[in-house]
There are 2 protein chains.
Amino acid sequence: MIAGETSRAYEEVFTINYIAARSVGIGAYVNRLGQRIIQNRRAPILLTGAGALNKVLSREVYTSNLQLGGIQIMYPNGVSHLVAADDYRAIQQAMKWLQYVPKTIGSPLPILKNLDNPEREIGFVPVEGSHYDFREMLVGKYVENNDEKTYLSGFFDKDSFFETLGGWAKNIIVARARLGGIPMGVIAVDTKTYEQVIPADPADSNSRERVVQKSGQVWYPDSAFKTAQAINDFNKGEQLPLMIFANWRGFSGGQRDMFDEILKFGSYIVDALTQYKQPVFVYIPPHGELRGGAWVVVDPMINNEVMEMFADEKSKGGILEASGIVEIKYRKQEIVATIQRLDEEYIRLSRELGSPEISLQEKDQIKLKMEKRVERLLPIYTQVAECFADLHDTPGRMKAKGVITEIVSWKNARTYFYWRLRRKLVEFSLLNQLSDCVAQNKISVKRQILREKVINNEKLWNNDKEFLSWVESNSQTVQQSIANIRREKVKQDVACLCSENADAVLEGLLSYLEHNSVNEALKEKLRKLL
Amino acid sequence: MIAGETSRAYEEVFTINYIAARSVGIGAYVNRLGQRIIQNRRAPILLTGAGALNKVLSREVYTSNLQLGGIQIMYPNGVSHLVAADDYRAIQQAMKWLQYVPKTIGSPLPILKNLDNPEREIGFVPVEGSHYDFREMLVGKYVENNDEKTYLSGFFDKDSFFETLGGWAKNIIVARARLGGIPMGVIAVDTKTYEQVIPADPADSNSRERVVQKSGQVWYPDSAFKTAQAINDFNKGEQLPLMIFANWRGFSGGQRDMFDEILKFGSYIVDALTQYKQPVFVYIPPHGELRGGAWVVVDPMINNEVMEMFADEKSKGGILEASGIVEIKYRKQEIVATIQRLDEEYIRLSRELGSPEISLQEKDQIKLKMEKRVERLLPIYTQVAECFADLHDTPGRMKAKGVITEIVSWKNARTYFYWRLRRKLVEFSLLNQLSDCVAQNKISVKRQILREKVINNEKLWNNDKEFLSWVESNSQTVQQSIANIRREKVKQDVACLCSENADAVLEGLLSYLEHNSVNEALKEKLRKLL
């Protein structure tokens with residue numbers, strides 16, 4: 001019963017588990033069913049104890065329970081979100097986590113004021129090709145300059161970054177952070193290659209420790225799973241708006257990863273985004289790129305009721321990388337045709353070849369020259385073609401094609417997303433007030449009502465700051481409009497109930513009227529109809 | 001957009017995908033998001049083609065696309081539910097699958113009449129310790145006897161068995177089958193040990209093919225995932241009642257499986273059962289057993305609105321196996337104490353030892369004798385203790401403790417579950433008619449209303465056949481009761497709407513009355529109140 005209830009609880013409220021001592025069997029399952037786990041580094045998570053396993057295996061394979069379910073197993077495989085050295089630190093971490101979570105389901109987000117100026121520029125600007133930790137872009141970085149330390153600020157508020165699942169699938173960074181005091185879920189990409197260590201199996205004498213190289217900017221089975229897990233954690237219980245810093249060249253599609261069910265775990269990302277209930281911003285950062293399968297699983301059309309996509313001026317996006325698209329759409333023979341059409345030297349040789357005055361031997365020589373010319377020009381023309389194809393992948397084209405909402409330059413991204421987020425939060429809170437007003441509670445329908453019947457001004461609707469200030473200073477008008485819409489809905493509901501069972505409606509009304517009074521004018525109208 | 005919609009579609013309707021030729025990138029993802037896949041054995045499922053991968057790896061690693069995503073990869077890892085030799089056979093399989101699925105969501109199950117007598121005994125009775133394929137228990141078996149073939153019938157209707165996911169985690173059998181013509185989802189356990197082959201990775205010259213032994217009756221990460229996948233497939237879109245033949249000694253808890261995230265996949269079983277909407281019967285078959293963690297993830301309390309558990313007379317169930325419980329609850333020192341209390345020889349020796357007449361040397365000899373006596377008796381007493389502990393795990397005790405609904409002997413199981421299933425289907429269809437009548441549409445609340453206000457007879461409620469015949473011959477009474485309950489609900493809704501906005505209710509009523517007439521007596525009452 002506890003297992004079933006915990007499974008339901010994770011869907012509905014904020015759940016967190018601290019493994020203080022030992023968690024065994026169904027105890028371990030209850031913890032996993034609650035998903036968010038902080039594990040004491042001296043506390044194992046077990047299904048069967050080492051002693052019992054040794055008995056089954058008839059030899060002394062395991063020396064301790066920690067060997068089976070200690071943090072060296074449970075942190076790298078993403079069962080434990082955090083590890084703690086002792087109870088005090090574990091409770092500290094749990095308290096910190098709770099600071100990002102609304103008081104109850106449906107409560108407003110816990111916003112802290114005056115942490116860090118939301119309208120400042122971002123100090124840390126990445127240089128193309130240089131090596132940096134993406135966390136520095138998010139939280140800033142201290143740089144030493146002639147023995148002086150300067151702080152280059154990052155995207156989020158200073159010191160507001162709280163990372164979880166740090167031991168698992170390290171290509172993906174998962175954290176909670178604040179933007180102008182507002183808590184957000186964060187998913188970002190670590191571009192470095194990392195070495196995953198798969199421990200040897202003590203029960204199998206043939207097994208050895210394996211080290212697997214995992215490239216940055218590529219989704220593997222584990223990192224896709226981690227991405228989906230994070231989206232679900234943010235969405236369920238935590239109710240956080242989500243910021244995805246998208247920088248993926250695709251999914252790893254080698255035989256090993258195909259066998260390791262990458263299709264299942266990649267699909268989880270789509271499943272998780274489909275269910276998202278809060279605003280989601282997908283942003284391609286400077287020098288970041290988003291391609292093919294990776295683009296598709298984070299495209300706003302997955303769940304366009306809540307998702308929006310943005311890109312920095314220096315980002316790239318498209319199905320294939322430029323070299324790939326040239327290989328398919330502008331093959332060698334087409335490049336050769338271009339050379340024949342444009343190269344003056346080639347055209348001259350070709351004209352010479354056509355002349356009736358030359359001998360057969362001269363013809364052969366000219367043909368050889370022409371071939372050599374093509375050979376020499378081919379790499380140059382290919383480069384030009386790739387450069388041309390690359391132009392398609394710029395933010396300007398993405399915006400023109402309508403696949404992103406806006407080009408947002410990194411320096412000003414903090415300010416832009418702060419206002420966008422504040423606006424979205426007000427918009428979503430108004431949408432929530434319309435919840436009973438539409439069939440199936442569909443956000444898109446509610447948004448249309450809000451836009452056309454409550455705000456009713458396209459200029460306001462399309463400008464975040466103006467939208468915010470208008471809603472703030474016209475709260476009475478807004479509330480009146482919403483009340484009118486609800487009133488219409490009640491009328492419709494009654495009409496609907498009447499056509500189902502009018503007698504029952506009258507009876508319900510009667511029992512109400514016996515103890516309450518209503519509007520005289522309406523009574524009068526009703527009297528006439530009776 | 002297609003990805004997002006396919007993810008939603010799997011949750012809401014029956015989805016099936018046939019990989020006829022080649023499924024690449026997002027195409028592959030859309031197929032996986034629709035979950036049920038039939039793969040043509042010449043058609044690969046890919047993320048990146050072999051050519052492009054070779055280019056990335058700068059050497060000729062892969063020779064074909066089939067090597068990456070052919071059936072030898074996608075069938076053993078459970079991405080493909082079925083494989084087909086050609087288009088014709090694939091369509092045949094899809095058609096067969098569709099025969100088990102309701103026409104539309106919410107439609108009644110497609111029941112076939114007169115397939116196989118539902119009230120016959122089951123012909124195939126397993127002998128303890130003998131080797132048999134559990135499929136034989138489900139579908140029957142031909143036995144040769146003096147050159148004559150006899151058919152021993154199984155649990156389900158003859159020739160109605162349709163297995164899927166057969167290449168993946170072979171300890172678990174997943175199928176659709178019919179019981180007296182009614183389609184059901186089936187999950188059963190293959191008790192044989194099987195060898196899982198993990199192919200070598202062509203991209204890693206150090207890797208070798210690995211063969212892993214997987215015991216029967218134990219859940220591993222892959223077989224737990226398969227179990228959950230099957231439950232979800234049956235529940236979502238297929239809307240099938242579910243029969244689980246439970247025979248698990250537990251989850252594999254060795255270091256390798258702990259690292260391979262068995263806790264996550266085991267939890268999936270609980271998550272999936274929590275969401276189940278149709279009747280679920282869990283049945284421990286003859287010579288089957290259910291222990292510890294395995295019991296907990298299929299216990300009816302996970303979702304007691306739809307789940308029930310049953311056991312054959314010759315089955316066993318409990319937290320630990322008898323030897324395990326003795327080790328914890330009746331340790332060596334307690335067994336020794338029992339010997340000291342009961343063994344006449346030991347008591348005699350002990351009395352001798354207490355005698356004041358014997359010398360120190362004699363004492364030592366007696367002590368030695370006593371020790372030897374204990375040593376000799378220990379294994380016998382331990383066996384007796386285990387035998388005693390085993391008595392706790394019998395179906396009689398399970399029933400007395402209320403952890404199973406009924407003891408159902410294998411021979412008559414077909415008849416019993418046929419009537420139980422028919423009764424449950426009628427009960428669920430009545431519950432569906434009460435859907436608008438309770439807050440949050442909770443089955444348990446609706447069942448209480450059905451039991452107390454519609455059936456209102458405990459004897460009828462507790463007897464499947466009587467329940468069925470009474471409901472059938474009193475359909476008018478039943479419909480009248482349900483209509484009354486709905487009427488009460490409409491009255492409550494109106495009262496509720498009135499307290500929200502009485503004016504709007506009156507307006508709604510007005511617009512209805514302008515075009516329709518209602519009961520005169522009620523009108524009169526209303527006139528008085530106005």
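Residues numbered from 1 in each chain as written. Chains lettered and ligands numbered in written order. Predicted model: local features only at pLDDT ≥ 70, side-chain atom pairs only at ≥ 80, totals over all residues. Heavy atoms only, no water.

### Examining the overall build of chain A
Step number 1: Each helix and strand counted, chain A has 22 helices and 20 strands in total.
Step number 2: A compact globule built from 530 residues would reach a C-alpha radius of gyration of about 24 Å, whereas chain A, at 31 Å, exceeds it by more than 25%.
Step number 3: Judged by the C-alpha coordinates and their principal axes, chain A covers about 115 × 80 × 60 Å.
Step number 4: Buried positions account for 53% of the 530 residues belonging to chain A.
Step number 5: Pairs at least 24 apart in sequence give 67% of the contacts found in chain A among residues at least 6 apart.
Step number 6: When the accessible surface of chain A is summed, it comes to about 25000 Å², and 50% of that surface belongs to carbon and sulfur atoms. (Helix = DSSP H or I, 4+ residues; strand = E, 2+ residues; numbered from the N terminus. Rg over C-alpha atoms; globule rule 2.2 N^0.38 Å. Buried < 20%, exposed > 50% of the residue type's maximum accessible area, 1.4 Å probe, protein only. Contact = heavy atoms within 4.5 Å. Areas by Shrake-Rupley, 256 points an atom, 1.4 Å probe, with all protein chains shown as cover.)

### Description of the UniProt feature "domain: CoA carboxyltransferase N-terminal" (unreviewed entry) in chain A
Step number 1: Within the UniProt annotation, "domain: CoA carboxyltransferase N-terminal" (unreviewed entry) is assigned to residues 1-113 of chain A.
Step number 2: In residues 1-113 of chain A, helix accounts for 42% and strand for 12%; the two terminal C-alpha atoms are 42 Å from one another. (UniProt positions renumbered as here; feature names shortened; annotations may be inferred.)

### A few points about the sheet that holds strand β9 (residues 172-179) of chain A
Residues and elements named next belong to chain A.
Step number 1: Taken together, 7 strands build an open sheet; the order of strands is β8-β9-β10-β14-β16-β18-β20 and the sheet is mixed. Single-partner strands in this sheet number two, and they are β8 (162-164) and β20 (406-407).
Step number 2: Here 5 bridges tie strand β16 (residues 280-284) to strand β18 (residues 307-311), and the two strands are oriented parallel to one another. In the strand pairing of β18, Phe 281 is matched with Glu 308.
Step number 3: Its contacts with the sheet place helix α17 (residues 410-433) against β9, β10 (182-189), β14 (242-245), β16, β18 and β20, and it is angled at close to 165° to β16. (Pairing = 2+ DSSP bridges. Axes fitted to C-alpha atoms, helices over the stretch in contact; angles between N-to-C directions.)

### Section: the interface of chain A and chain B
Step number 1: Contacts between the two partners involve 93 residues from chain A, matched on the other side by 93 residues from chain B.
Step number 2: Surface buried jointly by chain A and chain B totals about 9300 Å² across both partners, of which 67% is contributed by carbon and sulfur atoms.
Step number 3: Counting the surface chain A buries against chain B, the share from its top three residues, Gln 255, Phe 259 and Leu 530 of chain A, is 9%.
Step number 4: Inspection of the region where chain A meets chain B yields 8 salt bridges.
Step number 5: Note that Glu 327 of chain A and Lys 55 of chain B form a salt bridge whose closest N and O atoms lie 2.2 Å from each other.
Step number 6: One can count 24 residue pairs in polar contact (both at pLDDT 80 or more) joining chain A with chain B.
Step number 7: The element best represented in the side of chain A that touches chain B is helix α21 (residues 475-513) of chain A, accounting for 23 residues.
Step number 8: Residues that form the side of chain A that touches chain B fall into these classes: 52 nonpolar, 20 polar and 21 charged. (Buried area = accessible area lost by both parts, 1.4 Å probe. Salt bridge = Lys/Arg side-chain N within 4 Å of Asp/Glu carboxyl O. Polar contact = N/O pair within 3.5 Å; in protein donor to acceptor, adjacent residues only side chain to side chain. Nonpolar A, V, L, I, M, F, W, Y, C, P; charged D, E, K, R; others polar.)

### As for the domain arrangement of chain A
Step number 1: Segmentation of chain A into domains returns domain 1 (322-395) and domain 2 (437-528).
Step number 2: The straight-line distance from the C-alpha centre of domain 1 of chain A to that of domain 2 of chain A is 69 Å. (Domains from an automatic or database assignment.)

### Details of unusual backbone geometry
Step number 1: We note that Leu 165 of chain A has phi near 55°; this positive angle belongs to a residue other than glycine.
Step number 2: Here Leu 165 of chain A shows up in the loop between β8 and β9.
Step number 3: Phi is positive for Asn 456 of chain B, close to 55°, though the residue is something other than glycine.
Step number 4: With respect to the helices and strands, the residue Asn 456 of chain B is situated in the loop between α18 (443-455) and α19 (458-461).

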